[in-house]
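# Analysis of the macromolecular model
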Amino acid sequence: MKKAAFSLFILVFACPLWGASFKSAVKKAAADPSMEGAAWGLAVVDAESGKEIFARDAELNLVPASTMKLPVTAAALEYLGPERRFVTRLSAAALPENGEIKGDLYIVGGGDPSPGSELIKEAPALRAIYDGWAGALKAAGVVSVEGSVVADDTLFESFQPGSWAWEDIGNYYAARPSALTVNDNLYRIYFRPGAAPGEKAEVLRTEPPMPGVVFENLMLTGPEGSGDNGYVFAFPGQDSAVLRGTIPRGPVDFAIKAALPDPALFAARALTESLSAAGIKVAGRPGRGVAPSSSYELASSTSAPLPEIVRALNKRSFNLYAEILLRHMGLEKYGKGGPDEGRKAVSDFLAAQGVGGGFYVADGCGLSRVNLVKAGAFARLLAAVHKKPWFPVFYDSLPYPGDPDAFGHIKRMGAGTPLEGALRVKSGSLRNVRGYAGYLRTKKGRTLAFCSVVNNYAGPGSALDDLHRDLLLELYGKY
């Protein structure tokens, strides 16, 4: 009898009060109307010891959305190393002779995402790179190119995954992951809204200019303040697009971002323009091709180090950079820059951390709804990553409440609370999918790794942000 009573004492009183409190908070969150009908996996792990702190349906297979970028960027830091840089080269089959480059001039893509990037710190403008190359050729006495400017992007397989939704293809967030990426592989389409909701929105221009691109414009005007609800329907490599959806009434002009149909060809055209502006005549039309293996390097540009790319990728949740790094990992581990090899490299990394069975990797960025994760495996992965020598780089890449380099709902979630200095979190959002994964440094100085993924929820995403803010504040104060 005494033994039974003692066992009851252990069950009731040995569990810390904060644990009961957090369990109650989770139960309350699960009962919120916004979570009606949802599948929710949640796991919290002590990052130092790897010990599980809390789990709720942590073995459910759930669609992670952009939280998928965390295992991918962690694997990239592991395989490529924080010092890695990527090089784009200008080459020709022969050195210039009598002021002329015989044959073609090649831009050879090395998988650098930074030329013309709006997100990577101190990334040079594309025109600055190409004008610099043209100036160097001019200074060396080159006055003409016998052939064409030819873009070589064969380092990677550049087509988007087949599991991406077709309404995404053509929009900037589903741009082709080319080995010759320029200007984040996007351009802007400017519209003049109609005078009233429902009226047609007129296409004004594109920036940069996109000669030869033809639009079927079905874009309408939405209510004032309704934001960007416009979509570009286009296929890779085709110079035509259908514009659908709405843009808000009010602005004199309003821009949406579209994916470049052929980034490599755009690069060849841009360099041809820079050469012409420098007084170097190019006989042929810009094109695509493969540089000779014995070509001579005439100029080059080098990317920012990998940490700057990872930082921009995670803080701005930019899909293109994740897909580029996925292909670099395939090249590094298996000698081929294809998505299949990249996915296998990430899966190998996950297996090496002891969590291989907790992930199904369909792409590098989380845009595919075929990706699957288990919250428990995800939290354990983050605990394993916490011990890596490159962890400070990884940690620094994660957004936090009030982060000036981030955008969207995570920048607002928890702003003005203790989470501002304690939370690093990557979120993920697709239609009816919300994910949160990262680290929490608690009031008592412990570091927790956590993952929460919600699928098929009923309410607005902002309601889930509020629920998770409250749960994280509970953990912060009690553990």
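Placed above this text is the structure.
The paragraphs below set out a description of the structure included in this document. (Residues numbered from 1 in each chain as written. Predicted model: local features only at pLDDT ≥ 70, side-chain atom pairs only at ≥ 80, totals over all residues. Heavy atoms only, no water.)

### Considering empty space enclosed by the protein
Over the atoms rolls a probe the size of a water molecule, and its path tells where empty space is left. Applied cut-off: Lining residues are those with an atom within 4 Å of a point, where the points come from a 1 Å grid over the protein atoms alone and group into cavities, where a 1.4 Å probe fits but cannot get out, or pockets, open sets with protein on both sides within 12 Å along at least five of seven lines. Grid points are joined across faces, edges and corners, and a volume is the space filled by probe spheres set on the points. Lys, Arg, Asp and Glu make up the charged group, whereas Ala, Val, Leu, Ile, Met, Phe, Trp, Tyr, Cys and Pro make up the nonpolar group; the residues left over, Gly among them, are polar. Strands here mean DSSP runs of E at least two residues long; helices mean DSSP runs of H or I at least four residues long; both are numbered from the N terminus.
Overall, the coordinates contain four cavities of 30 Å³ or more when judged by the stated rule. Put simply, the largest cavity is a space of about 110 Å³. Surrounding the largest cavity, 17 residues form its lining, Ala234, Phe235, Ala259, Leu260 and Pro261 being those nearest its centre. For the lining of the largest cavity, the residue count by class is eleven nonpolar, four polar and two charged. Considered as a void within the structure, the second largest cavity measures approximately 80 Å³ in volume. Taken together, Phe22, Leu42, Val44, Met413, Tyr436, Phe450, Ser452, His468, Leu471, Leu472 and Leu475 make up the full set of residues lining the second largest cavity. For the lining of the second largest cavity, the secondary-structure elements that each account for two or more residues are strand E1 (39-46), strand E22 (447-455) and helix H13 (461-478). A total of four residues in the lining of the second largest cavity trace back to one element, the largest contributor, which is H13. Grouping the constituent residues of the lining of the second largest cavity by class yields nine nonpolar, two polar and no charged.

### Description of the nonpolar core
Across soluble globular proteins, nonpolar side chains have a tendency to be buried as a group. Going by this rule: Throughout this description, the term nonpolar core refers to a set of buried Ala, Val, Leu, Ile, Met, Phe, Trp, Tyr and Cys residues connected via side-chain atoms within 4.5 Å. Only protein chains enter the accessibility calculation, which uses a 1.4 Å probe; a residue whose area is less than 20% of its type maximum is buried, one above 50% is exposed, and one in between is partly exposed. Should any heavy atoms of two residues lie within 4.5 Å, those residues are counted as being in contact.
Formed by 68 residues in total, the largest nonpolar core has its most connected members in Met329, Phe349, Val385, Phe394 and Tyr439. For Val385, the contacting residues outside a window of four places in its chain are Ala74, Phe349, Trp390, Phe391, Phe394 and Tyr439. Membership of the second largest hydrophobic core comes to 43 residues, among which are Ile129, Phe191, Leu243 and Ala299.

### A short note on the layout of surface pockets
Of the voids in this model, the largest pocket is the one considered here, and its volume is about 1,300 Å³. As for the largest pocket, its lining consists of 44 residues, and the residues nearest its centre are Tyr172, Tyr173, Asn319, Leu367 and Ser429. Listed by contribution, the elements that provide at least two residues to the lining of the largest pocket are strand E12 (229-233), strand E14 (254-259), helix H6 (306-316), helix H11 (409-412) and strand E20 (423-430). Considering each element in turn, the lining of the largest pocket owes the most residues, six residues, to E20. Per-class residue counts for the lining of the largest pocket are 16 nonpolar, 14 polar and 14 charged. Its volume calculated, the second largest pocket comes out at about 300 Å³. Along the walls of the second largest pocket sit Leu126, Arg127, Tyr130, Asn183, Pro208, Pro209, Met210, Pro211, Phe266, Arg269, Ala270 and Glu273, which together make up its complete lining.

### Some points on the environment of Ala406
Residue placement: Ala406 occurs in the loop between helix H10 (391-396) and H11. For Ala406, a relative accessible area of 6% corresponds to the buried category. Look past the residues within four positions of Ala406 in its chain and what remains in contact with it is Lys315, Arg316, Pro399 and Lys411.

### So, the packing of aromatic side chains
Quick note on the threshold: By convention, a stacked pair of Phe, Tyr or Trp rings (six-membered ring in the case of Trp) has centres within 6.5 Å and planes under 30 degrees apart, an edge-to-face pair has planes over 60 apart, and any other such pair is tilted. Geometrically, a charge over a ring is one whose NZ (Lys) or CZ (Arg) sits within 6 Å of the ring centre while staying within 35 degrees of the ring normal.
All told, the structure shown has twelve aromatic pairs when counted by the stated rule. On the numbers, 5.0 Å between centres and 85° between planes, the contact of Phe22 with Phe54 is edge-to-face. With Phe22 in helix H2 (residues 17-30) and Phe54 in strand E2 (residues 52-56), this residue pair connects regions lying 32 residues apart in the sequence. Measuring from centroid to centroid gives 5.1 Å for Phe391 and Tyr439, while their planes differ by 80°, and the two rings are edge-to-face. In this pair, Phe391 is assigned in helix H10 and Tyr439 in strand E21 (residues 433-441), connecting sequence segments 48 residues apart. Judged by relative accessible area, Tyr439 falls into the buried class, the value being 0%. Three or more aromatic residues joined by ring pairs make a cluster, and in this case those are Trp166, Tyr231 and Phe233. Across the ring face of Tyr190, the terminal group of Arg205 is positioned such that the distance to the ring centre comes to 4.0 Å.

### Looking at the side chain of Thr67
The test is simple: Two N or O atoms form a polar contact when they lie within 3.5 Å of each other; inside protein one atom must be a possible hydrogen donor and the other a possible acceptor, and for residues adjacent in sequence the pair counts only when both atoms belong to side chains.
Topologically, Thr67 is positioned in the loop between E2 and helix H3 (69-80). A polar atom in the side chain of Thr67 sits 2.8 Å from the backbone oxygen of Pro64.

### What about the pairing of strand E3 (residues 87-92)?
Here is the rule we go by: In this analysis, strands are considered paired if DSSP registers two or more bridges between them.
Inspection of the sheet shows E3 paired to strand E17 (residues 296-302) by six bridges, in the antiparallel sense. Note that in E17 the partner of Thr88 across the bridge is Ser301. Bridge analysis of E3 against strand E5 (residues 105-108) gives four bridges, and the strand direction is antiparallel. Its bridge partner lying in E5, Ala92 is registered against Leu105.

### Focus: the sheet that holds strand E15 (residues 281-282)
The three strands are arranged E4-E6-E15 in an open sheet whose pairing can be described as parallel. Of all strands in the sheet, those bounded by a partner on one side alone are strand E4 (100-101) and E15. Pairing analysis gives two bridges linking strand E6 (residues 144-145) to E15, with the strands arranged parallel. If you follow Ser144 over to E15, its bridge partner there is Lys281.

### Quick look at the pairing of strand E8 (residues 186-192)
The side chains of a regular strand alternate between both faces of the sheet. The element E8 is largely enclosed, with a buried count of five among its seven residues. With six bridges joining them, E8 and E14 adopt antiparallel strand pairing. Opposite Leu186, over in E14, you have Ala259 as the bridge partner. Two elements, E8 and strand E9 (residues 202-207), share five bridges in a ladder whose sense is antiparallel. Bridge assignment links Arg192 to a residue of E9, and that residue is Glu202.

### Remarks on H6
Turn by turn, an α-helix covers 3.6 residues, leaving residues three or four places apart pointing in a common direction. Burial within H6 is extensive, with eight of its eleven residues counted as buried. Buried within H6 we find Leu306, Ile309, Val310, Arg311, Ala312, Leu313, Asn314 and Lys315. The inward-facing, buried residues of H6 contact H3, helix H7 (319-334), H10 and E20. One or two positions beyond H6, positive phi appears at Ser317, with a value near 50°.

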